[in-house]
Amino acid sequence: MTITEKTADVPAPRSGEDKSGRLLDVKDLHVEFHTRDGVVKAVNGVNYSVDAGETLAVLGESGSGKSVTAQAIMGILDMPPGKIPQGEIVFRGQDMLKMSGEERRKIRGRKIAMIFQDALSSLNPVLSVGYQLGEMFRVHEGMSRKEAKAKAVELMDRVKIPAAKQRVSDYPHQFSGGMRQRIMIAMALALEPDLIIADEPTTALDVTVQAQVMDLLAELQREYNMGLILITHDLGVVADVADKIAVMYAGRIVETAPVHELYKRPAHPYTRGLLDSIPRLDQKGQELYAIKGLPPNLLKIPSGCAFNPRCPKATDICRTDVPPLVPVTERDGAELVGRGSACHFWKETIHG
Amino acid sequence: MPDLMKTPPADEPEVALAPPSGKAAEAGEVGGARSLWGDAWRDLRRRPLFVVSGLLILLVLLVSAFPGLFTSTDPGSGDLTKNFLGSPNLTHFFQDDWFGYDRQGRSIYARVVFGARNSVMVGLGVTLLVTFFGGLVGMLAGYFGGFWDSLLSRITDVFFGIPFLLGAMVVLNAFTDRDVWVITGALAFLGWTQIARVMRGAVITTKHADYVMAAKALGAGTKRILFRHVLPNAVAPVIVVATIALGTYIVAESTLSYLGLGFGSDAVSWGADISDATQDIRNNPHTLIFPAGMLSITVLAFIMLGDAVREALDPKLR
Amino acid sequence: MAEVSKNDEPTDVTPNVTEVEAVDAETPEDAVAVIEAPAERGEPILQVRNLVKHFPLTQGVIVKRQVGAVKAVDGISFDLYQGETLGIVGESGCGKSTVAKLLMTLEQATAGEVFYKGQDITKLSGRALKAVRRNIQMVFQDPYTSLNPRMTVGDIIGEPFEIHPEVAPKGDRRRKVQELLDVVGLNPEYINRYPHQFSGGQRQRIGIARGLALNPEIIICDEPVSALDVSVQAQVINLMEKLQDEFNLSYLFIAHDLSIVRHISDRVGVMYLGKMAEIGSDEQIYDHPTHPYTQALLSAVPVPDPEAREGRERIILTGDVPSPANPPSGCRFRTRCWKAQDRCAEEIPLLAIPERFVGKDTPAAHESACHFAEEKDVVHAA
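Computed from a prediction, not measured in an experiment: that's the story for all the values here. (Residues numbered from 1 in each chain as written. Chains lettered and ligands numbered in written order. Predicted model: local features only at pLDDT ≥ 70, side-chain atom pairs only at ≥ 80, totals over all residues. Heavy atoms only, no water.)

Draft legend 1. How the structure looks around the overall build of chain C. Of regular secondary structure, chain C possesses 12 helices and 11 strands. Counting across all 382 residues of chain C, residues that qualify as buried make up 61%. The long-range fraction of contacts in chain C, counting pairs at least 24 apart against all pairs at least 6 apart in sequence, stands at 67%. (Helix = DSSP H or I, 4+ residues; strand = E, 2+ residues; numbered from the N terminus. Buried < 20%, exposed > 50% of the residue type's maximum accessible area, 1.4 Å probe, protein only. Contact = heavy atoms within 4.5 Å.)

So this is what it looks like as structure tokens:
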């Protein structure tokens, strides 16, 4: 078939375009939702950045604002009720929040793509997988049906779906969970974006399949030198693939650190509590450490540090002053690159 | 089920509501045992939607029950010479000429008052019958599934295939003496399928819920599972459909009357009056506006009530 | 069209689902399990023998014809002792949740027996079944769907008393409900609140209180913490451990999270495609696994410690779990196994102590259903 030959060289990284450097800069982002019960402050001043080829893991529990931030970056927030009262989302030097709807649409899918948790509901059940994969090429690049289908087969090969040629006309329900998630990844990759946002990409999968999918994602990221934002609640998954981690709590980043550092020496009581509260596979402890209390109600975020009602170290200052995200240093003041903590007592937390 | 249409029982332990702080959640912390219906009622009383629709319905029911309280004029007697198509006199509250006169010189106000009973009885009667029997069929089919579902669903499909009005015309044609009961029966006979289908669907989704499983695991019997767990969680769509349908039944009655298959010429009903009015709409719209307006207001009130009750029965929406 | 049973497995699909008596032991698994019962534990409180659940696949609208069966559970045997926690792990579709439903008699077993204190509960119905249910209770996975949204917490926790009025006299129930709320760490004043007013962790506590109400001896926990936030999981696990000590409960703890299962379990069973692959004490399974599936499963678990991670061997399985409607012949794991040989396709490996370890005093000497069982530590860094 000539078509396959013709497209064979396409997956090589595009040349002539700057693929390095700062991709995304989120600055002081706020997102709120106006509901019947009041204003839900989902994101309260988030800063993070991603470079090309870098993996940032955003770690948080439900309600921490990790997914809302991602949706704001993608521009897929429901507005209203959602509102972005403040902040910038700078993609390759341009603030996306100031762009027109048309400009943003051009970036979405082409430059920034997203992978969702639930692959089954993200795929249209009545269209074949090949058609849905090819849609990108027909819509964005004006390819013919035949060309688009060939591209779809190729993409399925890239994400290692066995017998791609035979399966290209199958429907989503005919694939297993892991295969569907691969299809989602293929879809995100289709236009070779600069940045991929993966929102809990393996949460719905079994452990043995999780590992396959995470490996694939990491491999493709290296190959295309993409930026990757990995949103997850699973400290284990993060440990495998991330370069740096941002821990979120109640719509704020409470700690940032390179991945190894975070696990070795957490600088925020919340991170420490989380690490202590997960049972370990390789050792059997006595009682688990449990962070007391409940995740905060975003309608009534506690004053001061949002974590103060659950924190074992909280004092009066924690109940009144919001701790800013400050750089974390060694005991002797030596700089720790990329580390920050939003705790009044980070020194005590990290240095014991 | 029929009692869904009623306002919930008023078994409120008033004591509980002492703290004036206002927060519903806090107020709920103390006090005696509560029931879903008790809580719903407490919640309903605070809803303007419910209060307005409730008052309207109360008024309509009062008019239907005691028309004599509102007018002493005979709706059947008219003075052609004096009142032929007389215009309404909107400041003459509760007087014969308030809404004007019709082509036979009869007081439209008196006819609206006396017509309420037949229309409301048909509307309410059909809705109650349909909700009860349709709901029962849907519930049994949905809950027990298998053979019973196949059987009941096929029967439902057969009835569903009969055009509602055409079917009613055929049935009513067989009766010469068509009173409220005959018309109600005929409409209910043909109208239950919609509720049955809605109920069946709702029951099927509910019966697979984990809390139903949990109740089974505790050893709960079928009756408890049906009435404590499945039904309360499946009624919401039924209530909505039933209240909307109530309006259509009143309208259906008027259509049948218009076609000469509803109430006889000597009976008073909004439907019959609306159909009579059609010949005078262009020059004397008041002959249509008042009976039709009453009809619309009544239908709207029931729909609003249905909405309010549905929301009150869902603790999540409170 | 498809025949009744396509696969070459020697399972006898019982012709009639309701008739469960006439099934004789198809494998000697149960015999082995009985022998292995550790003496010091005394009599098991729950004995599961050759439990089978096949969901028939039918075709046709009016006349339903069986064209096959999803073999969700296909011959499982194990014991549960008083006061212990038996963890069951496996991936989705391995049949672990079906086991829970079978033990709760929420599903009718196709074959096999479940003995509670010597009485086969799969054959009970009516009053006798209701009496047994008092002693075996369940905690569900999803705290958002397992509580009736239209009932108050008091009604939910009090419902067991209404169903079994002999447990608590009427006037006493409200106090009992409040006691239960207190036991699971909720404010007893919350009795009139509705489930949606609580967070996930609190709701799971309500579910646990409901399970405790009848003073059961056994609680079957089907993924009780997997729907909860990480910081709340630990609270609920600690609560469950506390309650176990307090009320001498036996837990059957079903989960896919191997770390949590290790933490809470005394013994662990690993399921794959409706069969038990390996079963043993937590140390035997986690530190000395002999079944390749267990090894792969353990090695795939992400460990929240990048340094421990680097020294560990990772076994990444290829492919997905095959469909339980048409499982592979012989060993069910052979399609993904790196050790598979011809023998694996022909012969079903039995769940027994592997020959090479029989009689040896080693932690590897525990039941494992593999022809080529050998020990391999995949959890600890090399």
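Draft legend 2. Spatial organisation of the overall build of chain B. Looking only at helices and strands, chain B features 12 helices and 0 strands. Overall, chain B shows an N-to-C arrangement of helices and strands of α-α-α-α-α-α-α-α-α-α-α-α. Burial analysis of chain B (318 residues in total) assigns 52% to the buried set. A total accessible area of about 14,700 Å² is found for chain B, and carbon and sulfur atoms account for 66% of it. (Areas by Shrake-Rupley, 256 points an atom, 1.4 Å probe, with all protein chains shown as cover.)

Draft legend 3. Representation of the interface of chain A and chain C in the model. Listed as interface residues are 45 residues of chain A and, on the opposing side, 44 residues of chain C. Between chain A and chain C lies a buried interface of about 3,800 Å² when both sides are counted; carbon and sulfur atoms form 58% of it. The largest per-residue losses of area from chain A upon contact with chain C belong to T208, L281 and K284 of chain A, which jointly make up 20% of the total buried on that side. Put simply, the parts of the chain that give the side of chain A that touches chain C at least two residues each are helix 8 (177-189), helix 9 (207-224), helix 10 (235-241), helix 11 (259-264) and helix 12 (269-277) of chain A. Ranked by residues supplied to the side of chain A that touches chain C, first place goes to helix 9 of chain A with 7 residues. Its residues assigned to classes, the side of chain A that touches chain C comprises 20 nonpolar, 14 polar and 11 charged. (Buried area = accessible area lost by both parts, 1.4 Å probe. Nonpolar A, V, L, I, M, F, W, Y, C, P; charged D, E, K, R; others polar.)

Draft legend 4. Fine view of unusual backbone geometry. At E192 of chain A, a position not held by glycine, the phi torsion is positive, near 45 degrees. Mapped onto the secondary structure, E192 of chain A falls in the loop between helix 8 and strand 7 (195-199). With a relative accessible area of 9%, E192 of chain A lands in the buried category. Even without glycine at this site, L273 of chain C takes up a positive phi of about 45 degrees.

Draft legend 5. Up close: the UniProt feature "transmembrane region" (unreviewed entry) in chain B. Residue and element names in this part refer to chain B. Listed under "transmembrane region" (unreviewed entry) in the UniProt record, and renumbered for this structure, are residues 49-70, 120-146, 158-175, 181-199, 230-252 and 288-309. Helix and strand shares over residues 158-175 are 78% and 0% respectively, and the end C-alpha atoms of the span are 23 Å apart. Along residues 181-199 one finds 100% helix and 0% strand; the C-alpha atoms at either end are 25 Å apart. (UniProt positions renumbered as here; feature names shortened; annotations may be inferred.)

Draft legend 6. Structural view of the environment of I285 of chain C. Residue and element names in this part refer to chain C. By secondary structure assignment, the location of I285 is in helix 9 (residues 282-287). Considered as a pair, I285 and I353 are 68 residues apart in the sequence and their alpha carbons are 13 Å apart. When near neighbours in sequence (up to four residues on either side) are disregarded, I285 contacts V268, V270, E278, I279, G280, T294, L298 and H366.

Draft legend 7. View of the pairing of strand 8 (residues 250-255) of chain C. Residue and element names in this part refer to chain C. Counted residue by residue, strand 8 has 6 buried out of 6 residues, so it is predominantly covered. Side-chain alternation along strand 8 places S250, L252 and I254 on one buried face and Y251, F253 and A255 on a second face that is also buried. Here strand 3 (residues 85-89) pairs with strand 8 via 5 bridges, running parallel. By the bridge assignment for strand 8, I88 is matched with I254. Pairing geometry for strand 7 (residues 218-222) and strand 8, over 5 bridges, is parallel. Bridging from a neighbouring strand, I220 pairs with L252 of strand 8. Considered for its hand, the β-α-β crossover made up of strand 7, helix 7 (residues 230-247) and strand 8 is right-handed. (Pairing = 2+ DSSP bridges. Right-handed = clockwise from strand over helix to strand, strands pointing away.)

Draft legend 8. Structural context of helix 2 (residues 66-74) of chain A. All names here are of chain A. With 7 of its 9 residues buried, helix 2 lies for the most part within the structure. For helix 2, every residue scored as buried is listed here: K66, V68, T69, A70, A72, I73 and M74. Once helix 2 ends, the next one or two residues include G75, with phi positive near 75 degrees.

Draft legend 9. Region of interest: the sheet that holds strand 6 (residues 136-139) of chain C. Residue and element names in this part refer to chain C. As summarised here, the arrangement of the 7 strands in space is 6-7-8-3-9-10-11, forming an open sheet in which the pairing is mixed. What marks the edges here is a single partner per strand, and that holds for strand 6 and strand 11 (367-368). Sheet topology places strand 9 (residues 267-272) next to strand 10 (residues 275-281); 6 bridges connect them, and they run antiparallel. Within the sheet, the bridge partner assigned to V268 lies in strand 10 and is G280.

Draft legend 10. Expanded view of the packing of helix 5 (residues 129-141) of chain A against helix 6 (residues 145-158) of chain A. Residues and elements named next belong to chain A. At a minimum axis separation of 8 Å, helix 5 and helix 6 run at an interaxial angle of 115 degrees. Taken together, the axes of helix 5 and helix 6 lie roughly perpendicular to each other. Between helix 5 and helix 6 lies a crossing of right-handed hand. Of the residues in helix 6, those in contact with V129, G130, Y131, L133, G134, F137 and R138 of helix 5 are R145, A148, K151, A152, L155 and M156. Within the contact of helix 5 with helix 6, the residues separate by chemical class into 8 nonpolar, 2 polar and 3 charged. (Axes fitted to C-alpha atoms, helices over the stretch in contact; angles between N-to-C directions. Parallel < 35°, antiparallel > 145°, perpendicular 65-115°, else oblique. Left-handed = near helix turned anticlockwise from the far one by under 90°.)

Draft legend 11. Spotlight on the pairing of strand 6 (residues 112-115) of chain A. All names here are of chain A. The alternating pattern of strand 6 places I112 and M114 on one face and A113 and I115 on the opposite face, and all of these are buried. The pairing of strand 6 with strand 7 spans 4 bridges and is parallel. The residue of strand 7 that forms the bridge with M114 is I197.

Draft legend 12. Main features of a nonpolar patch on the surface. Residues and elements named next belong to chain B. The grouping of L140, F144, F147, W148, L151 and I155 at the surface amounts to a nonpolar patch, some 590 Å² of accessible area in total. Within the residue set of the nonpolar patch, elements represented by two or more residues are helix 5 (108-144) and helix 6 (146-161). Top element by residues in the nonpolar patch is helix 6. It accounts for 4 residues. Following the sequence through the fold, F147 ends up in helix 6. (Patch = residues over 30% accessible without salt bridge, like charges linked within 9 Å, V, L, I, M, F, W, Y side chains within 5 Å. Salt bridge = Lys/Arg side-chain N within 4 Å of Asp/Glu carboxyl O.)

Draft legend 13. Expanded view of the packing of helix 7 (residues 164-173) of chain B against helix 8 (residues 180-207) of chain B. Residues and elements named next belong to chain B. As a packed pair, helix 7 and helix 8 sit with axes 9 Å apart at the nearest point and diverge in direction by 140 degrees. One element, helix 7, and the other, helix 8, form an angle in the oblique class. Seen along the crossing, helix 7 lies across helix 8 with a hand that is right-handed. Residues F164, G167, A168, V171 and L172 of helix 7 form the contact with helix 8, whose own contacting residues are V182, I183, A186, L187, L190 and G191. Considering only residue class, the contact of helix 7 with helix 8 consists of 9 nonpolar, 2 polar and no charged.

Draft legend 14. Expanded view of the pattern of salt bridges. Under the defined criterion, the tally for this structure stands at 38 salt bridges over all chains. For R22 of chain A, the salt bridge is made with D25 of chain A, and the minimal N-O distance between the two is 3.4 Å. Accessibility expressed as a relative area gives 44% for R22 of chain A, which makes it partly exposed. E107 of chain C is the partner of K53 of chain C in a salt bridge, and the nearest nitrogen-oxygen pair spans 4.0 Å. Here the residue K53 of chain C occupies a position in strand 1 (residues 44-59), and E107 of chain C occupies one in the loop between helix 2 (96-103) and strand 4 (111-116), the gap between them amounting to 54 residues. A relative accessible area of 26% places E107 of chain C in the partly exposed class. Salt bridges linked by common partners bring E255, E261, R265, E330 and R339 of chain A together as one network.

Draft legend 15. Just the confidence of the model for chain C, in detail. Of all residues in chain C, 86% attain a pLDDT of 70 or more, and the chain-wide mean is 82. If you check the scores for this complex, the pTM reads 0.77 and the ipTM reads 0.77. (pLDDT = per-residue confidence, 0-100.)

Draft legend 16. Spotlight on the packing of aromatic side chains. Residue and element names in this part refer to chain B. Tallying each qualifying case throughout the model produces 17 aromatic pairs over all chains. On the numbers, 5.2 Å between centres and 90 degrees between planes, the contact of F159 with F189 is edge-to-face. You can see F159 sitting in helix 6 and its partner F189 sitting in helix 8, a full 30 residues away along the chain. According to the relative accessible area criterion, F189 is partly exposed, its value standing at 44%. Through a chain of ring-to-ring contacts, the aromatic side chains of W98, F99, Y109 and F290 assemble into a single cluster. (Phe/Tyr/Trp six-rings, centres within 6.5 Å; stacked < 30°, edge-to-face > 60°.)

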